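# A closer look at the structure
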Amino acid sequence: PLFRETRNTAHNASRMERSLPLLLPLLLSLLSVKADQGLEQLAQAYDAALMGMHTDGTITGYLAKDDIYDNMDVYDCTNDYEYPESPISGGALEKVLNRGYVILGSRGNYSSASSGTYTRPPKGASPDIDREAFRRVGVHYGRQLDVVYNLSFSATDDVLRSLLSGIIDGTTCNYAQGALYGGLQRRAVVFRPSCSTLGDTVHMCVTASSGVADVAALNALIAATNRKGQAVLGAVGTSTFQTLQQIFQDAVVITYQTDMLAIAALKAEGSTLLGVAASRLASDYDPSVVWFSVGHVENLVSFFRREPRTENKVANSSAEPYWRTGNTLLAQVYNAAQVWLASLGTKSDIYAAYNMTVVDVGDCLGKESAYSVPETPIGTLQHVLSSGKLTIGVVIGESYPLKVILPGSADPTGALTDLERSVATWIYRQYSSVKPVIATYIKYNSSAELLAALDAGEVDVTSNNAFVGGQYDGEARRNKFQASCSSVSTQLSLYVQKSLSVTTLPGFVEYLMAHSAENVTVGALGTGNVQIAQSLLGVNVSVVLCENSTELFQSLLRVPRRVGIVPDYVPTVPPEFGELVEIPLGVTISTCAFFRRDAYDACGDGELDPSCGEECDIKGNGCTATCHCDTYFKPNGTRACVAACGDGVVDTNFGEECDSSHGCNDKCVCKDGYHSTGRHCSKSSMVGAIVGGTLGGIFVIVMIFVIVGLLVTIPLLRRKFMIEGGKEARSHMFAFKRSHARGPRDPTISRSSLYE
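Residues numbered from 1 in each chain as written. Predicted model: local features only at pLDDT ≥ 70, side-chain atom pairs only at ≥ 80, totals over all residues. Heavy atoms only, no water.

On to the packing of helix 2 (residues 39-55) against helix 5 (residues 125-140), then. Contact pair helix 2 / helix 5: the axes reach a minimum separation of 9 Å and the direction vectors enclose 110°. The orientation of helix 2 with respect to helix 5, classified from their angle, is roughly perpendicular. Of the residues in helix 5, those in contact with L42, A45, Y46, A49, L50, G52 and M53 of helix 2 are I129, D130, E132, A133, F134, R136 and V137. (Axes fitted to C-alpha atoms, helices over the stretch in contact; angles between N-to-C directions. Helix = DSSP H or I, 4+ residues; strand = E, 2+ residues; numbered from the N terminus. Parallel < 35°, antiparallel > 145°, perpendicular 65-115°, else oblique. Contact = heavy atoms within 4.5 Å.)

All right, on to helix 5 then. With 16 residues, helix 5 should reach 22 Å at 1.5 Å per residue; the first-to-last C-alpha distance of 23 Å fits that figure. For helix 5, the tally of buried residues reaches 13 of 16 residues, placing the bulk of the element in the interior. Within two residues after helix 5, G142 carries a phi angle of roughly 70°, on the positive side. (Expected span 1.5 Å × (residues − 1). Buried < 20%, exposed > 50% of the residue type's maximum accessible area, 1.4 Å probe, protein only.)

Turning to the nonpolar core, a few remarks are in order. Within the largest apolar cluster, 78 residues are counted, with the highest numbers of intra-cluster contacts made by I129, F134 and F508. Among residues more than four places away in sequence, those in contact with F508 are L494, V496, L500, V502, V522, L537 and V563. Among the nonpolar cores identified, the runner-up in size contains 42 residues, and A370, L381, L416 and V488 belong to it. (Core = buried A, V, L, I, M, F, W, Y, C linked by side-chain atoms within 4.5 Å.)

A cis amide bond, omega 10°, links Y400 with the succeeding residue P401. Looking at the element boundaries, P401 is found in the loop between strand 22 (397-399) and strand 23 (403-405). Even without a glycine there, the phi angle at N355 is positive, about 55°. Relative to the helices and strands, N355 resides in the loop between helix 12 (346-353) and strand 20 (360-361). Under the relative-accessibility criterion, N355 is labelled exposed at 62%. Positive phi outside glycine occurs at R561, with the angle close to 60°. Considering the arrangement of structural elements, one finds R561 in the loop between helix 19 (549-558) and strand 33 (562-566). Residue classification places R561 among the partly exposed residues on the basis of a relative accessible area of 49%.

Examined against the element boundaries, K367 turns out to sit in the loop between strand 20 and helix 13 (379-387). Expressed as a C-alpha distance, the spacing of K367 and Q245, which sit 122 residues apart in the sequence, is 5.8 Å.

This part is about the state of the cysteines. Put plainly, two cysteines are in a disulfide when a covalent bond ties their sulfur atoms together. Overall, the coordinates contain eight disulfides when judged by the stated rule. Residue C645 pairs covalently with C668 via a disulfide, S to S 2.0 Å. Measuring handedness by torsion sign, the sulfur bridge of C645 and C668 sits at about 90° and is right-handed. With C645 in the loop between strand 38 (641-643) and strand 39 (674-676) and C668 in the loop between strand 38 and strand 39, the pair connects residues that are 23 residues apart, well separated along the chain. In this structure C668 comes out as buried when scored by relative accessible area, which is 1%. Between the sulfur atoms of C658 and its disulfide mate C664 the distance is 1.9 Å. Classification of the bridge connecting C658 and C664 rests on its S-S torsion, roughly 90°, and on that basis the disulfide is right-handed. (Disulfide = S-S within 2.5 Å.)

A separate point is the sheet that holds strand 21 (residues 389-395). Read from one edge to the other, the open sheet built from three strands follows the order 24-21-25, with strand pairing classed as parallel. Both outer strands of the open sheet, strand 24 (438-444) and strand 25 (461-462), are each paired with one neighbouring strand and no more. Relative to strand 24, strand 21 is paired through seven bridges, and the arrangement is parallel. In the strand pairing of strand 24, L390 is matched with A439. (Pairing = 2+ DSSP bridges.)

In this section: the pattern of salt bridges. Scanning all chains against the criterion turns up 20 salt bridges. With a closest N to O distance of 3.9 Å, E311 and K480 form a salt bridge. Of this pair, E311 sits in the loop between strand 18 (303-304) and strand 19 (313-314) while K480 sits in helix 16 (residues 477-480), and the two are 169 residues apart along the sequence. A network of salt bridges, in which partner residues are shared, links R309, E311, D455, E475 and K480. (Salt bridge = Lys/Arg side-chain N within 4 Å of Asp/Glu carboxyl O.)

Here's what the structure looks like:
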């Protein structure tokens, strides 16, 4: 049975929270029916609630209450996400609302200072977010919606497998988006991630006696240790384990269930651990250890089942234009290139050349060997290799040093462009039998134009400076398209003139409220920054789009009532713009490249699609592998075929002779000794058989005599008809013939002369 526990007063004592015992998942697996549609709606409603919590400061409040250290918002959604207008009948959202609770899965006994403790009852920042988000979903639809936790799992992949099978509705909100599922597939590809809930900065904890204070020093210690034995690091959680695998490739990484266990193992006498990656509380102070950031932020999300996109469903994907397939393969090799280039140091070298210091949002974790290259290219990937061109769509604008795209024929420049060209070269080297692959560019005036061109097959991929959030044609970009691994992540800042005497974000918001009647404005570079700035600053200011970083800074001096600007990334403020004050917004924004989603065959998706030529779509039940009904089966307008035999109707198209229980077998064919009389078969008698056989034999004999008689008679008749015809034609010649014919033949007259 489900047991209930009273929620503490901070979370509304009138509501209850259910937790699942260990055996309940088995019962749910037997009873659950996976929704064929409406899966996206549950995730969409959750995202809408989550963005409301980001905007009104609820999530920031949870972090402060739980004493979280150095946790930041990773903005991969915008505050214009809306709730589904009405739940689809029978869909996941409707089922959750009707039953009054949502089932979320997590590893049991997992504890992390940054995300919470998942014991009974779960507590901490992530459980608080879980409960409040779904409470808001329920309120929006006029229902009470509680959270049920299934904590019976011992491993993260077990949780995700239960999500695929429908045992749980979603995961808790502390799962790293960039980790691998099964060690081979990106979670974000297999599952549908929510908007980011938290940005968990990965910190290493080392002993003070080690003398290590940064990543470079730890790498040096790992190298020295490996000369004598084996360097070992510890990590809390699967995603942090994969992060350390990627950063410290020469060390063995082992995992721990909780921060407390990991740090205790590090400090234990005789420990061989060089350091552990764990979460740090703001109030932690222990002089025996040293903490430092590794430069990675784990983007934490909830996962839901991914709903197939029906607009990509076709009768035969192999007959579609090349650009409608092979896009997932191109994304796969593109991501592999980025991970390998990062491990080789190429990525960091490019950023260093532009004096850039960036934070890496780890959304492609694990060792580079986990990112394989497709052996058999098809579709878009095959076209890229055969043509030798990776066609990239870019939006005209300037955001130095990241990317500069000017009108005209000049090629784009900047750090991200250098990275794209390195990716194209790396792809070519994996398929050395084809011509070199070169990055080529097509320019567009806006993001909307660029994404429309991608959707229409004009380009292979967008530029890697696309904001992963935002919408396209009324839908979240990251759902409509496939997003690559993060190309670069930057922490946004607001720049204001020193004369404002403002140094903090709350102080700037107060300034805006005090001057709201003056119609002051803030400029922002790119649509993503506009949406983020608007959500952070509220309705007291108008945020104006600017596509050029130089013009953006100039606007702070030249545009009346322009009181602040939000650029992309600024290594140093150009001196000609005066002394500006930088106010960190506490927000990390990631950029990516977008790919199309592939067309896929309708047959096999479990949905009946007559427009694609399907008669059925279910394994077995008379349905063939091509989604047509097998012999002796017929369609009936559902996913399954029905047996033609047994419906009381004789279907000769399916080989039926009958359709009843009278002399009719299970294939609706008359049994031996029976003959069809419509629906029924009648038994044939012996007398009838004998009489029928005798008459049949007589008939055959008569026909033989008739045929022989005709064969003999026809030549005789033919001769007679020829003579009679000659008499009529030459009657004056036949007197002699006639007299001669009556008397004895004269031997002196030849036979031929009789006819002259």
